[in-house]
Amino acid sequence: MASTLKTSTRGTRSFLSGSAALVLPAILLLLVTYILPLLQVLRLSVSSADPSVLDGAGFTLRHYFEFFADPTSLRVIWRSLWISFVSALIALVIAYPYAISVAKSGPVMRRVLISLALLPMTTSGVVRAYGVIMVLGREGPLNKLLMALGLVSQPVQFLYGPAALIIGNIYFVLPFVILPLAAGIARLDGRLLEAASTLGATKVSINRTITLPLLVPSIAAGTIVAFTLNMTAFVTPGLLGGQGYLMLTTLLGQQMFNLANWITGSVIAVVLLVIVIVTMTAYQTWLDRKAGFYAPR
Amino acid sequence: MRQDSSRSRLANVSFGDAFRYVATSFGAVILVLPMLAVIVSSFGETAYARFPPQGFTLHWYTAFDEVPGLIASLIYSLKLSLIVTAMSVALALLSAIGLTLRVISGRALITSFLMLPLVLPSIVVGLALMLFFSAFWTADYFTGLVIGHLVISFSYALRSILPALETFDRNLWAASRTLGANPWQAFQTILAPIAMPSVLSAALFAFLISFDNYNVSAFLQDPLTPPLPVVLYNQAEQALSPVLMAVSSALILFSVVLVALFGKYLISTGK
C-alpha cells in the first residue's frame, strides 16, 4: 500500500518536472527569432564592413560618431524626447479626472466610460490617425473652434507640425493612461477616504493628502507607458508629422525604406532601444525604492 | 456652526464634481471625436474625404475596389492574424502551464524574458527580422510575417494567461493526478475551466495586435500583397479617399462589436 502510494506520488512528480519543459518552445522561438535578430542589429551598427554585408564584419564606432555629429539627428532625438514627454503629461492631466469618474460612477456610466476608452484602443492605429487628420483639417472642428473663439483669424495648418503630433499622441495614449489609473483608483482603500472625510477633511485636501500620493505609482506607470508608446510609435508620427517633421522612428523608417541605409537604420534602432531601456530601468529602480512605502502590488 | 461647515463642504463637493464632469466630458470628446469624424466623413459626396462632409451618399461603401489591393489585403490580413492568434494562444498556454504547474527556479527571469516584446519597440523588431531574414534565413513573405507577428502577439497572450494560472492551486492538480486522472483529463477538468476566460482575452489581444500591426509588417511585407495596415498607411500619404473612410468605419464598427461583446476581457489585463 505504502509502496503504491509512493510510486503514484513519484509519477505525479515526474510529470510535473516534465511540465516545466512546456516553456521551452517559447524560449527557443524568442531566442532564435527575437534575440538573435536584435543582436544582429547591434552587430551591424558597429560593423566596419560594406553595408551589403548584412551579418557584419570588423568593428568600428564610426557610424555612431557620424550619427551624433549630424545636427539633424540631435534635433530629431531632442524633438522625440520632448514631444513624447509633453504628450504624456497632457494625456495624464486629461486622464486623471476621467479615471476618477470611471471609479466613482454607477455601473452603467462606468461601462460607458470604459467602452469609450477601449474603442480607440481596439481600432487600427492608421484609422485613428485618419480620424485625427480629419479633426485637424482646415475646415475641421478644431480650426472652427479656434476661429469662433477669435484666437486665430486664418485656419491653422496643424498637420506636419508639433501640434498635430502632440494631439495625435495624446489621443493615441489616452486609453493606456486611463485604464491603469482607473484600476489604481478602484484599488484605493475606501476606509482611508471615509476616515479623512469623517474627521472633516474637504474633498480637495483628501485628494491632495491621500488619493494623489497613493496613486503616485499608477500615475508614474501611466506616464512611463505613455512616454514609451509615443517614443516608439511609427504610424502616428508618420502620418501626422510626415517627412517634414521627423521623429526617431520615422527617421529610422526614412533611412530604411527610402534610402536603404541599413547601417544608419541599425544605429538609430540601437539609440531607440537604449532610450526605452534606460527609461524603463529608471522607472523600475524608482518603484523598487518606493516599494517600502506603497503596498506591494 | 455645524450646519455651516456641512454646507461649505457641500458647496465644495459640487464645485469639485462640476469641474470633474467638465473634465471627463472633455476626455470623452477627445476619445470619440476622431472616430466620429471618420464615420461621418465616409458619407460625404466629395472625391476627397472632408470633415464636416458635403452632401450624403452611401456610394463609398460599395466602392471598396476603387482602392487597388484593398480587399485582397483585408483577406490577407485576416488570414495572417487568425493563424498568428491560434499559434500565440497555444504557445502562451503551454508556457503558462510550464511556468505555474511546478515551482521552477529562475521563473521570474524566464517570465521577464518572455515578456520582452511588450517593452522593446516593435519597429526595431521589424528592422531586426528583416535583416535576419535577408542574412540568415530566406523564408517566404508569409512565413516571415507569421513569425514577426507571433513573437509580439505571443507576449500579449502570455500576459493575459499567466496571471490567471498563477491563482491556480497546484494541490488540485496533484490531487486529480493521484486520483488517477491522466494529464489530459486533469487539464480538461481542472486547468481549462480556470484558464478559459484568460484564453479568450489572450486571443483577443493576440488578434488585435497582429491585425493592427504596421511596424513589423512594413519591413516584412510582400510588396505584391501587403497587409491591410500597410495599404491603409500608404494610401494616407496621398489625399484621403472617402473609400478609406468607409473601410475605416467598418473597422470601427468591428471594434464596437468587439468592445460590446468582450469589453470585460479587454480591461482586466488592459495594457
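How each quantity is defined
Throughout this document, residue positions are counted from 1 along each chain, in the order its sequence is written. All chains are assigned letters beginning with A, and all ligands numbers beginning with 1, in the order in which they are written. Where local features are concerned, this predicted model is filtered to residues with pLDDT of at least 70; where side-chain atom pairs are given and counted, the filter is 80 or more; whole-chain, interface and lining totals use all residues. Where helices and strands are cited, they refer to DSSP runs of H or I of at least four residues and of E of at least two residues respectively, numbered from the N terminus. Only the C-alpha atoms count toward the radius of gyration. The rule for a globule is 2.2 Å times the residue count to the power 0.38. To sort residues by burial, count the other C-beta atoms lying within 10 Å of each one's C-beta; a count of 20 or more means buried, 12 or fewer means exposed, and anything in between means partly exposed. C-beta atoms are built from the backbone. Note on contacts: residues are paired as contacts if their backbone-placed C-beta atoms lie within 7 Å. Under this scheme, a helix contributes an axis fitted over its contacting stretch, all axes are lines through C-alpha atoms, and angles between N-to-C directions fall in the 0 to 180 degree range. Here roughly perpendicular refers to angles of 65 to 115 degrees, roughly parallel to angles under 35, roughly antiparallel to angles over 145, and oblique to all remaining angles. Less than a right angle of anticlockwise turn of the near helix away from the far helix marks a crossing as left-handed, whereas a clockwise turn marks it as right-handed. Boundaries between domains were set according to an automatic or database domain assignment. By definition, a nonpolar core groups buried Ala, Val, Leu, Ile, Met, Phe, Trp, Tyr and Cys residues that connect through C-beta atoms lying within 7 Å of each other. A helix is expected to span 1.5 Å for every residue after the first. Bend, in this description, refers to the angle at a residue between axes fitted to the seven residues ending there and the seven starting there. Scored between 0 and 100, pLDDT is the confidence that the predictor attaches to each residue. Gly counts as polar in this scheme, as do all residues outside two lists: the nonpolar Ala, Val, Leu, Ile, Met, Phe, Trp, Tyr, Cys and Pro, and the charged Asp, Glu, Lys and Arg.

**Topic: the overall build of chain A**
Move 1: Along its length, chain A carries 13 helices and zero strands.
Move 2: Shown N-terminal to C-terminal, the secondary structure of chain A runs as helices and strands in the order α-α-α-α-α-α-α-α-α-α-α-α-α.
Move 3: In summary, chain A has a C-alpha radius of gyration of 25 Å against a globular reference of 19 Å for 297 residues, an excess of more than 25%.
Move 4: On the principal axes, the C-alpha backbone points of chain A span a range of 85 × 65 × 35 Å.
Move 5: Out of the 297 residues in chain A, the part that is buried amounts to 41%.
Move 6: For chain A, the share of sequence-separated contacts (at least 6 apart) that also reach a separation of at least 24 residues comes to 68%.

**Notes on the overall build of chain B**
Move 1: The number of helices and strands found in chain B is ten helices and zero strands.
Move 2: Listed N to C, the secondary structure of chain B is α-α-α-α-α-α-α-α-α-α in terms of helices and strands.
Move 3: Against the globule reference of 18 Å for 271 residues, chain B gives a C-alpha radius of gyration of 24 Å, more extended than a compact globule.
Move 4: Taken along its principal axes, the extent of the C-alpha atoms in chain B is 80 × 70 × 30 Å.
Move 5: Per-residue burial for chain B yields a buried fraction of 46% across its 271 residues.
Move 6: Sequence separation of 24 or more characterises 77% of the internal contacts of chain B that already satisfy a separation of 6 or more.

**Focus on the packing of helix α2 (residues 24-45) of chain A against helix α5 (residues 141-166) of chain B**
Move 1: Where α2(A) meets α5(B), the axes come as close as 11 Å, and the angle between the chain directions of the two elements is 130 degrees. By the angle between their directions, the pair α2(A) and α5(B) is classed as oblique. Between α2(A) and α5(B) the crossing geometry is left-handed. Where α2(A) approaches α5(B), its residues A:A26, A:L29, A:L30, A:T33 and A:Y34 are matched on the opposing element by B:I147, B:V151 and B:F154.

**Section: the domain arrangement of chain B**
Move 1: The domains assigned to chain B are domain 1 (2-59) and domain 2 (68-240).
Move 2: The distance between the C-alpha centroids of domain 1 of chain B and domain 2 of chain B comes to 36 Å.

**Focus: the interface of chain A and chain B**
Move 1: Tallying the contact residues gives 78 residues for chain A and 78 residues for chain B.
Move 2: Ranked by the residues each element gives to the side of chain A that touches chain B, the list is headed by α2(A), at 13 residues.

**Points about the nonpolar core**
Inside soluble globular proteins, nonpolar side chains tend to come together where they are buried.
Move 1: One finds A:A95, A:Y130 and B:I161 to be the most contacted residues of the largest nonpolar core, which totals 161 residues.
Move 2: When residues of this core are sorted by domain, at least three fall in each of domain 1 (2-59) and domain 2 (68-240) of chain B.
Move 3: For A:A95, the residues in contact, after removing those within four places along its chain, are A:L174, A:V177, A:I178, A:L181, A:G222 and B:G27.

**Quick notes on the environment of A:T236**
Residues and elements named next belong to chain A.
Move 1: Its location among the elements puts T236 in helix α11 (residues 235-240).
Move 2: Using a count of 27 C-beta atoms within 10 Å as the deciding quantity, one classes T236 as buried.
Move 3: On a C-alpha basis, the gap between T236 and S47 in space is 32 Å, while along the polypeptide they are 189 residues apart.
Move 4: For T236, the residues in contact, after removing those within four places along its chain, are A129, G168, N169 and F172.

**Structural notes on helix α7 (residues 183-211) of chain B**
Move 1: Between its first and last C-alpha, α7(B) extends only 34 Å over 29 residues, short of the 42 Å set by a 1.5 Å rise per residue.
Move 2: Most pronounced at B:A192, the bend in α7(B) amounts to some 55 degrees, and the proline B:P193 follows within four residues.

**A short note on the confidence of the model for chain B**
Residue and element names in this part refer to chain B.
Move 1: Looking at chain B as a whole, the pLDDT averages 88, with 94% of positions reaching at least 70.
Move 2: Mean pLDDT across the secondary structure elements of chain B bottoms out at helix α1 (residues 2-41), with 78, and peaks at helix α2 (residues 70-100), with 95.
Move 3: With pLDDT under 50 throughout, residues 1-9 is counted as low confidence; its partners more than four residues away or in other chains account for one contact.

**Points about the confidence of the model for chain A**
Move 1: When pLDDT is averaged across chain A, the result is 86; 92% of the residues are at 70 or more.
Move 2: Contacts for the low-pLDDT stretch residues 1-16 of chain A, under 50 throughout, to residues beyond four places or in other chains number eight contacts.

**Points about the packing of helix α6 (residues 125-135) of chain A against helix α9 (residues 228-236) of chain B**
Helix-helix packing is described using two parameters, namely the angle between the two axes and the distance between the axes.
Move 1: Interhelical geometry of α6(A) versus α9(B) gives an angle of 25 degrees and a closest axis separation of 9 Å. Classified by the interaxial angle, the pair formed by α6(A) and α9(B) is roughly parallel. Contact residues: A:V126, A:A129 and A:Y130 in α6(A); B:P229, B:L232, B:Y233 and B:A236 in α9(B).
Move 2: Of the residues in the contact of α6(A) with α9(B), the class split is seven nonpolar, no polar and no charged.

**Description of unusual backbone geometry**
Move 1: The linkage connecting B:F51 with the following residue, B:P52, adopts the cis geometry, with an omega of 0 degrees.
Move 2: With respect to the element layout, B:P52 can be found in the loop between α1 and α2.
Move 3: One non-glycine residue, A:Y160, adopts positive backbone phi at about 65 degrees.
Move 4: Structurally, the position occupied by A:Y160 is in the loop between α7 (141-148) and α8 (162-187).
Move 5: The phi torsion at A:A260 lies on the positive side, around 50 degrees, for a residue other than glycine.

**Details of the environment of A:I263**
Residue and element names in this part refer to chain A.
Move 1: Along the chain, I263 falls in helix α13 (residues 262-290).
Move 2: According to the C-beta neighbour criterion, I263 is buried, with 23 such atoms within 10 Å.
Move 3: Put simply, I263 and S45 are 218 residues apart on the chain and 5.5 Å apart in space, counted from C-alpha to C-alpha.
Move 4: Among all residues touching I263, those that are not within four sequence positions of it are L44, S45, S47, P51 and H63.

**Remarks on the environment of B:S14**
Residues and elements named next belong to chain B.
Move 1: By the secondary structure assignment, S14 is in helix α1.
Move 2: For S14, a count of 11 C-beta atoms within 10 Å translates into the label exposed.
Move 3: Sequence-wise, S14 and A164 are 150 residues apart; in three dimensions their C-alpha atoms are separated by 41 Å.

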